[in-house]
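# A closer look at the structure
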Amino acid sequence: QVQLVESGGGLVQAGGSLRLSCAASGSIRTINDMAWYRQVPGKGRELVAHISRDGSTNYADSVKGRFTISRDNAKNTVYLQMNSLKPEDSAVYYCNVDRMMTNRGWQFDYWGQGTQVTVSS
């Protein structure tokens, strides 16, 4: 059974930093693209940052220059370093795996349970 477990959310003042982690566990052989999304009540999920297996990244315009996505393929983990946080960054943050090869074959579109980030002004 593959799981994505997120950690690192919390309450921080504007201008502060947080680092989110998302570890994939289970019978995983390889993971392709990984990403972080966020969602606020009443709105759809928004792509925050994306990273391919070779490390290529892209970001939402609203977080460019402030957030950095990275991954450790040996640990099947993706990170999101968030600096200069703003109140509008407050949301539930979800990690996503586009597809991964497991002992049961290719698995698609896995999501973590979400972690709350709250930025106070």
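Let us look at the structure shown here. Owing to the predicted nature of the structure, the values given are computational and were not obtained by experimental measurement.

Rules behind the numbers
Residues numbered from 1 in each chain as written. Predicted model: local features only at pLDDT ≥ 70, side-chain atom pairs only at ≥ 80, totals over all residues. Heavy atoms only, no water. Buried < 20%, exposed > 50% of the residue type's maximum accessible area, 1.4 Å probe, protein only. Helix = DSSP H or I, 4+ residues; strand = E, 2+ residues; numbered from the N terminus. Pairing = 2+ DSSP bridges. Axes fitted to C-alpha atoms, helices over the stretch in contact; angles between N-to-C directions.

Below, the discussion takes up the pairing of strand S10 (residues 91–102). Counting buried positions over the twelve residues of S10 gives nine, a clear majority of the element. Looking at chain direction, strand S4 (residues 28–31) and S10 are connected through three bridges and run antiparallel. Along S10, the bridge assignment pairs Thr30 with Met101. With six bridges joining them, strand S5 (residues 34–39) and S10 adopt antiparallel strand pairing.

In this section: unusual backbone geometry. Phi at Asn76 is positive, roughly 50 degrees, even though this residue is not glycine. Topologically, Asn76 is positioned in the loop between strand S8 (67–72) and strand S9 (77–82). Positioned with a positive phi, Ser84 is a non-glycine residue whose angle comes to about 50 degrees. For Ser84, a relative accessible area of 39% gives the class partly exposed.

We now examine the sheet that holds strand S1 (residues 3–7). The four strands lie next to each other as S1-S3-S9-S8, forming an open sheet whose pairing is antiparallel. At either end of the open sheet lies a strand with only one pairing partner, and these are S1 and S8. Averaged over neighbouring strand pairs, the angle between their axes works out to 15 degrees when direction is ignored. The pairing of S1 with strand S3 (residues 18–25) spans five bridges and is antiparallel. Pairing of Leu4 across the sheet is with Ala24, part of S3.

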